[in-house]
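# Breakdown of the fold
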Amino acid sequence: MTEAVGDSVPAAGGPTDAAWAAAVAAVRGLADDARVLLICHVNPDGDALGSMLGFGLGLRRLGVRHLQATFPGPADLPEPFRWLPGVELLVPQDDAYPAPDLVICFDAASESRLGDLADRLGRAGASLVLDHHASNTGFGGVNLVDPHAAATSVVALGLLDRLGVPLDAETATGLYVALTTDTGSFRFEATTPAVHEMAARLLATGIRPGDISRRVFDTRPFGAVRLFGEVLGRATLEPAAAAGHGLVWTYATRDDLARHDQPAYVLEALIDSVRCTAEADVSCVVKQSGDAEWAVSLRSKGAVDVSRVAVALGGGGHRFAAGFTGRGPLDGVIGSIRDALTTNVLTPHP
Ligand code: 5GP
Ligand code: MN
């Protein structure tokens, strides 16, 4: 392991010059036959996969020959990402280099988000963490964590630039998918002038934003449309929750998925339909992931810091978007959210 560079708690200003220099040195110093393993978080989204694969293609351009990308859990890639440039770098977690020379982690706030792959960090010659979660624990040898970055791909492009890798359309595609995923297609608060400047650089490579958005965000099987109808039909509004700011929530079971013959990833888009609710500041989708296990997505419009709610319940995320794993019966999970909401309201209800 290389010695840790930078604070274990990320500096508000983003990575230090020393951390950038250490990351560049770790990549430039790789031997010709070095094995590099890229890992993104469990249940990967567009930022996790797009940053990892985009960066991976950049590394390949630099001449890194022994290069793998992976994520914990089943190796199936959600349909919307199967076309991404760089998917050929992906290997199932069990096939990932057991002791790589360099490990680079993407979009993971803590080791727990790496599942069974967390052991690679201890066995690697060196490790880099590229991330933008304020809650990042600084678990890498070198931590490039910028809580102000709209997506992990902002950090990934920062490192590619410092490595002198020319930006091509294939790399740009992954980084663009990442940027549009985490900014809600340039709708969220994180959409700064710098975000649009980065998007302009990516688009200038010739990538087609209409095609990319349709494939990633606007295509789903008819069965998923019917499933959404059912799950949205049982959404519950609790105007008194979150000290009067309101909570809207719904849930989907594995049985719901089976009835409509749908894979679990289709539920990721559901929160966007639920969070439209005008009467609630906080929205929530509870997705069954095991017999008594639930993947919970939380969103806020600003009155509640949902990352604090999620951290209190064993998860993490950002102020406006966070999540955690709930255990036990559904009622209990909803009850724990209701309770955590009352203690994490930022602004009093008018
Ligand atoms: P989503 O609801 O889209 O799955 O996740 C929203 C945000 O919460 C993302 O930034 C994601 O990294 C974070 N998040 C979701 N689930 C978990 C979890 O179980 N643990 C942690 N630490 N973060 C999570
Ligand atoms: Mn992200």
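What counts and how
Residues numbered from 1 in each chain as written. Chains lettered and ligands numbered in written order. Predicted model: local features only at pLDDT ≥ 70, side-chain atom pairs only at ≥ 80, totals over all residues. Heavy atoms only, no water. Phe/Tyr/Trp six-rings, centres within 6.5 Å; stacked < 30°, edge-to-face > 60°. Helix = DSSP H or I, 4+ residues; strand = E, 2+ residues; numbered from the N terminus. Buried < 20%, exposed > 50% of the residue type's maximum accessible area, 1.4 Å probe, protein only. Lys NZ or Arg CZ within 6 Å of the ring centre and 35° of its normal. Contact = heavy atoms within 4.5 Å. Pairing = 2+ DSSP bridges. Salt bridge = Lys/Arg side-chain N within 4 Å of Asp/Glu carboxyl O. Domains from an automatic or database assignment. Buried area = accessible area lost by both parts, 1.4 Å probe. Polar contact = N/O pair within 3.5 Å; in protein donor to acceptor, adjacent residues only side chain to side chain. Nonpolar A, V, L, I, M, F, W, Y, C, P; charged D, E, K, R; others polar. Expected span 1.5 Å × (residues − 1). Arc of directions from axis to C-beta.

### Description of the packing of aromatic side chains
Under the counting rule described, the total for this entry stands at 3 aromatic pairs. Considering the side-chain rings of phenylalanine 55 and phenylalanine 106, the 5.7 Å spacing of their centres and the 55° angle between planes classify their relative orientation as tilted. Taken together, the residues span a long stretch of sequence, with phenylalanine 55 in helix H2 (residues 46-61) and phenylalanine 106 in strand S3 (residues 102-106) at a distance of 51 residues. The class of phenylalanine 106 is buried, set by a relative accessible area of 0%. Ring geometry for tyrosine 176 versus phenylalanine 186: centroids 6.2 Å apart, planes at 55°, classification tilted. You can see tyrosine 176 sitting in helix H5 (residues 169-182) and its partner phenylalanine 186 sitting in the loop between H5 and helix H6 (193-203), a full 10 residues away along the chain. When its relative accessible area of 5% is taken as the criterion, tyrosine 176 is described as buried. Positioned above the aromatic ring of tryptophan 20 is the side chain of arginine 162, whose terminal nitrogen or guanidinium carbon lies 3.8 Å from the ring centre. Above the ring of tyrosine 251, the side-chain terminus of arginine 234 is found at 4.2 Å from the ring centroid.

### Quick word on the environment of valine 286
Mapped onto the elements of the fold, valine 286 is located in strand S8 (residues 282-290). For the pair formed by valine 286 and isoleucine 271, sequence separation is 15 residues and the distance between their alpha carbons is 9.5 Å. Sequence-distant contacts of valine 286, defined by excluding residues within four places in its chain, comprise Thr250, Tyr251, Ala252, Trp294, Ala295, Val296, Leu330, Val333 and Ile334.

### Some remarks on the sheet that holds strand S10 (residues 316-317)
Read from one edge of the open sheet, 6 strands run S6-S7-S8-S9-S11-S10, paired in mixed fashion. Every other strand in the sheet has two partners, leaving strand S6 (236-238) and S10 as the edge strands with one partner each.

### Details of the pattern of salt bridges
Pairing of side chains with opposite charge becomes possible as their charged atoms draw close. In total, this model carries 19 salt bridges according to the counting rule given. Connected through shared salt-bridge partners, Glu230, Arg234, Asp255, Asp256 and Arg259 make up one network.

### Structural notes on the domain arrangement of the chain
The domains assigned to the chain are domain 1 (17-217) and domain 2 (222-343). Distance from the C-alpha centre of domain 1 to the C-alpha centre of domain 2: 27 Å. Opposite the 10 residues of domain 1 that make contact, domain 2 presents 6 residues. Buried area between domain 1 and domain 2, summed over both chains or domains, comes out near 640 Å², and the portion from carbon and sulfur atoms is 58%. For the pair domain 1 and domain 2, the interface holds 0 salt bridges. At the junction of domain 1 and domain 2, the tally comes to 1 residue pair in polar contact (both at pLDDT 80 or more). Among the residues forming the side of domain 1 that touches domain 2, the class breakdown is 3 nonpolar, 4 polar and 3 charged.

### Observations regarding helix H8 (residues 222-233)
Here H8 spans 17 Å end to end across 12 residues, near enough to the 16 Å set by a 1.5 Å rise per residue. By the burial criterion, the buried members of H8 are Gly223, Ala224, Leu227, Phe228 and Val231. Burial along H8 is one-sided: seen end-on, the buried residues are contained in an arc of 135°. Exposed side of H8, more than 90 degrees from the buried face: Phe222, Arg226 and Gly233 are the residues found there. If you follow the buried residues of H8, they end up packed against strand S7 (247-252), helix H9 (254-259) and helix H10 (270-274).

### Notes on unusual backbone geometry
Residues other than glycine seldom take positive phi values, yet aspartate 107 does so here, at roughly 65°. One can find aspartate 107 in the loop between S3 and helix H3 (119-123). At alanine 242, a position not held by glycine, the phi torsion is positive, near 50°.

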